[in-house]
Amino acid sequence: MAMTKIAVIYYSSTGNVAKLAEAAAAAAEKAGAEVRLRRIADPERETFVPGTETAVEVLRERNLTIPEAELDDLAWADGILIGSPVRFGLPAAPVSAFIDSTAPLSIPGGLANKAVSAFTSGSAPHGGHETTILALHNAFCHWGSLILANGSTDPVLFQPNNGNPYGSSAVSRNRPGQVHEENLAAVEYQARRVVQVASLVRNLNAAA
Ligand SMILES: Cc1cc2nc3c(=O)[nH]c(=O)nc-3n(C[C@H](O)[C@H](O)[C@H](O)COP(=O)(O)O)c2cc1C
């Protein structure tokens, strides 16, 4: 039987969302999926919190090994996880630009019935994690996708550093690439759930 295909698409400036994305991709692969880990390209004018300039540079170098996200990655996938940092309570502009670019695919219904889920990292616990994920969910509604929120569906989500029912999120305090292991466990669980639902949906879509 063909493998379930999962795209993990993310933008990260100082490595926190990148770390969550890598954990999600590894967990989906371990769950038996074929996985594409893809980064949304940096804009020409990078934005950063003062003091994180070195981290931005380091990640830019490391990014060169990760392919850039293309529309074909979304079309290819049965399930999609999208990760963005919190930026003023919203997804980062490159993520929004990537979402805008899906119009030729999503408006004719090319993303319908895919299992889609979102995760984030923000500097502060109440800095807009939920609003960022919900803003991403708005687009998923327009895509006609099947939105998978974490809810309180697994004990891992009750760990002290977890608990965001909309999707996994990490508090970075603007420290580059330091995600709590509980947050990694949450996003791994989230990815496994996307694989599970995407597998079911894939079979239903194939039978339709
Ligand atoms: C322009 C800008 C705006 C930001 N706005 C917020 C915010 O509203 N709330 C928050 O908690 N963190 C905010 N942050 C901090 C980032 O979300 C945080 O450092 C995150 O962990 C970065 O993820 P990354 O390492 O994957 O780039 C902002 C950062 C930048 C550069």
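Conventions we followed
Residues numbered from 1 in each chain as written. Predicted model: local features only at pLDDT ≥ 70, side-chain atom pairs only at ≥ 80, totals over all residues. Heavy atoms only, no water. Core = buried A, V, L, I, M, F, W, Y, C linked by side-chain atoms within 4.5 Å. Buried < 20%, exposed > 50% of the residue type's maximum accessible area, 1.4 Å probe, protein only. Helix = DSSP H or I, 4+ residues; strand = E, 2+ residues; numbered from the N terminus. Contact = heavy atoms within 4.5 Å. Near = heavy atom within 4 Å. Polar contact = N/O pair within 3.5 Å; in protein donor to acceptor, adjacent residues only side chain to side chain. Areas by Shrake-Rupley, 256 points an atom, 1.4 Å probe, with all protein chains shown as cover. Nonpolar A, V, L, I, M, F, W, Y, C, P; charged D, E, K, R; others polar. Pairing = 2+ DSSP bridges.

K.L.:
Lay out the nonpolar core with the relevant residues and their values.
P.N.:
The biggest cluster of nonpolar side chains holds 29 residues, and the ones touching the most others in it are Ile6, Val8 and Phe119. Those elements giving two or more residues to this core turn out to be β1 (5-10), α1 (16-30), β2 (34-39), β5 (115-122) and α7 (181-207). Considering every element that reaches this core, the biggest residue donor is α1, with nine residues. Residues within four places of Ile6 in sequence aside, it is in contact with Ala28, Ala33, Glu34, Val35, Arg36, Trp76, Ala77, Gly79, Leu81, Val194, Val195 and Ala198. Core analysis: the next-biggest nonpolar cluster, separate from the first, contains 23 residues, Ala69, Ala77, Leu136 and Phe140 among them.

K.L.:
Now, about the site of the ligand: what can you tell me, with residues and values included?
P.N.:
Residues in contact with the ligand amount to 20 residues; listed here are only the nearest, Ser12, Ser13, Thr14, Val86 and Asn174. Within the backbone of Gly15, an N or O atom sits 3.1 Å from an oxygen atom of the ligand. In this structure, Asn174 approaches the ligand through a side-chain N or O atom, which is 2.7 Å from an oxygen atom. Within the complex, 89% of the 640 Å² of free accessible area of the ligand lies under protein. Mapped onto the shell around the ligand, the elements with two or more residues apiece are α1, β3 (79-87) and β5. Counting residues per element, the shell around the ligand draws most heavily on β3, which supplies three residues. When grouped by side-chain class, the residues that make up the shell around the ligand number seven nonpolar, 12 polar and one charged.

K.L.:
Could you give an account of the pairing of β5, naming the residues involved and the relevant values?
P.N.:
In the case of a regular strand, side chains alternate between the two sheet surfaces. Buried residues dominate β5, accounting for eight of its eight residues. The alternating pattern of β5 places Ala115, Ser117, Phe119 and Ser121 on one face and Val116, Ala118, Thr120 and Gly122 on the opposite face, and all of these are buried. Across seven bridges, the pairing between β3 and β5 is parallel. Bridge pairing in β5 places Ile82 opposite Ala118. Sheet topology places β5 next to strand β6 (residues 146-147); two bridges connect them, and they run parallel. The residue bridging Val116 from the neighbouring strand is Ile147, located in β6. As defined by bridge partners, β5 adjoins strand β7 (residues 169-171) across three bridges and the pair is classed as parallel. The partner of Thr120 across the bridge, within β7, is Ser169.

The quantities given are spatial measurements derived from coordinates; they are silent on function.
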